[in-house]
Amino acid sequence: MQEYDVALKTLLQNQASRTINDLTGTSIAKWLDVELPKVRNLRLDLLGETVSAELIHLELQSNNDSSMPLRMAEYCLGVYRLFGRFPRQVLLYVGEAPLRMESELRGGGMSFEYQLVDIRRVDGERLLESEEVGDNIIAILAHVKDREEAVRRCMSRLAGLEPAQRAVALEQLFIVAGLRRLEEMVEREARSMPIYIDIMENKVLGRERRKGIEEGRQEGRQEGLQEGRQEGLQEGRQEGELAILRRLIERRFGPLPSWAEQRLTAASTEQLEALATRVLDAASLEEVLSPPIV
């Protein structure tokens, strides 16, 4: 879930105001620190504050977890301890299996409940019409008339972005598509559009894939083609993970100093995923990158 979690949280925080409004009925003025006081270490996915000072807790879940009502209650009390206010809570289920979780916890004279939303019940057509690319990407998980057409429309939106934005958005699209096993559909649609030329030339997804394709053609071996694709996708995922992590760090701690950029560039995909988790808990950039990456 880690890569989906990071990608979706980044989209929701920065480029999906229509999705947030559809889920909560309001907009977020600012996102807050999500590390709660410790009875045990609790880390929220997203905690925001509206212009009217209402706290909105948005939690993401990709699998059915029978303990979610208890976890949400613990989150709720943790927020209250920290801010002295109860949040309005929304659990967004993005998994592929049918939703089977409860949205309340009752017993012993106690009653607790929260809003539980299956992303497949959200109006994806409305999200596809949004001017924000985050809404467009999230739409492929929501309720749409034709998922392939939704991917096509989303890809068309990405084609109009600046190259740097397009590279990040494309990687996020691939990650989110994995929640519905739509990666091949995304790549197929990319092949049929002008954006595919840019993808093949872009270092995020193209360098090793192009090399593998060329070697496969020269040697007449299908294995070369497949290997090139896999290597290209791996490098693309690493570069995409790096781009997402940069944005998370800059949002929390400001511009990256050169020493931090050097450490991030030297990190593997697995190390970048681990650092993404640290960002949400750390009090400083030094804490995120300490000890040094090896």
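For the structure, check the block above.
The model shown is predicted, which means the values in this text are computed figures rather than measured ones. (Residues numbered from 1 in each chain as written. Predicted model: local features only at pLDDT ≥ 70, side-chain atom pairs only at ≥ 80, totals over all residues. Heavy atoms only, no water.)

A. Here's a closer look at the overall build of the protein. Each helix and strand counted, the protein has 14 helices and 7 strands in total. Taking all 294 residues of the protein together, the buried fraction comes to 50%. Accessible area for the protein stands at about 14,400 Å²; split by element, carbon and sulfur atoms hold 47% of it. (Helix = DSSP H or I, 4+ residues; strand = E, 2+ residues; numbered from the N terminus. Buried < 20%, exposed > 50% of the residue type's maximum accessible area, 1.4 Å probe, protein only. Areas by Shrake-Rupley, 256 points an atom, 1.4 Å probe, with all protein chains shown as cover.)

B. Highlighting the packing of aromatic side chains. Tallied over the full model, the rule gives 2 aromatic pairs. Ring geometry for Y80 and F86: centres 4.3 Å apart, planes at 20°, overall stacked. The exposure class of F86 is exposed, given its relative accessible area of 52%. Taking the centre distance of 5.9 Å and the plane angle of 40° together, the rings of F112 and Y114 count as tilted. Accessibility assignment for this pair places F112 and Y114 in one class, buried. (Phe/Tyr/Trp six-rings, centres within 6.5 Å; stacked < 30°, edge-to-face > 60°.)

C. Quick peek at the packing of helix α7 (residues 163-177) against helix α8 (residues 183-191). As a packed pair, α7 and α8 sit with axes 8 Å apart at the nearest point and diverge in direction by 145°. Between α7 and α8, the residues in contact are L173, F174 and A177 and E183, V186 and E187, respectively. For the contact of α7 with α8, the class distribution of residues is 4 nonpolar, no polar and 2 charged. (Axes fitted to C-alpha atoms, helices over the stretch in contact; angles between N-to-C directions. Contact = heavy atoms within 4.5 Å. Nonpolar A, V, L, I, M, F, W, Y, C, P; charged D, E, K, R; others polar.)

D. Focus on the nonpolar core. I137, L158, L173 and L264 are the most contacted members of the largest nonpolar core, which has 66 residues in total. Per-element tally for this core: the top contributor is α7, with 7 residues. Excluding residues within four positions of it along the chain, L264 makes contact with L242, L245, R246, I249, L256, L272, L275 and L289. Core analysis: the second largest hydrophobic core is formed by 15 residues, L32, C76, Y93 and M101 among them. (Core = buried A, V, L, I, M, F, W, Y, C linked by side-chain atoms within 4.5 Å.)

E. Quick peek at the environment of F83. Here F83 is to be found in helix α3 (residues 68-83). Along the primary structure F83 and L55 are separated by 28 residues, whereas in three dimensions their C-alpha atoms are 9.2 Å apart.

F. Focus on the sheet that holds strand β1 (residues 30-31). If you walk across this open sheet you meet the 5 strands as β1-β2-β3-β4-β7, and the pairing is mixed. What marks the edges here is a single partner per strand, and that holds for β1 and β7 (115-118). In this sheet, strand β3 (residues 55-61) lies alongside strand β2 (residues 46-49) in antiparallel orientation, the contact comprising 4 bridges. Bridged to L47 within β3 is H57. Contacts from helix α2 (residues 17-24) reach β1, β3, β4 (88-93) and β7 within the one sheet, and its direction differs from that of β4 by about 115°. Sitting on the sheet, α3 touches β2, β3 and β4, and the angle it makes with β3 is about 150°. (Pairing = 2+ DSSP bridges.)

G. Representation of α7 in the model. An ideal rise of 1.5 Å per residue puts 21 Å on 15 residues; α7 measures up with 21 Å between its terminal C-alpha atoms. Of all the positions in α7, only R166, A167, V168, A169, L170, E171, Q172, L173, F174, I175, V176 and A177 are classed as buried. (Expected span 1.5 Å × (residues − 1).)

H. Broad picture of the pairing of strand β6 (residues 110-113). Strand direction decides the pairing type here: strand β5 (residues 104-107) and β6, joined by 4 bridges, are antiparallel. Considered in β6, the bridge of E104 is made with E113. Adjacent in sequence and paired antiparallel, β5 and β6 are bridged by 2 residues, among which G108 carries a positive phi angle near 60°.

I. View of the environment of R120. Residue position: R120 is located in the loop between β7 and α4 (124-128). Through-space distance from the C-alpha of R120 to that of L99 is 9.9 Å; in sequence the pair is 21 residues apart. Of note is the side chain of R120, whose polar atom sits 2.7 Å from the backbone oxygen of E96. (Polar contact = N/O pair within 3.5 Å; in protein donor to acceptor, adjacent residues only side chain to side chain.)

J. Structural context of the pattern of salt bridges. One pass over the structure, following the stated rule, counts 15 salt bridges. E104 is paired through a salt bridge with R106; the nearest N and O atoms lie 3.1 Å apart. Assessed through its relative accessible area of 33%, E104 is described here as partly exposed. Between R152 and E149 there is a salt bridge; the shortest N-O distance is 2.5 Å. (Salt bridge = Lys/Arg side-chain N within 4 Å of Asp/Glu carboxyl O.)

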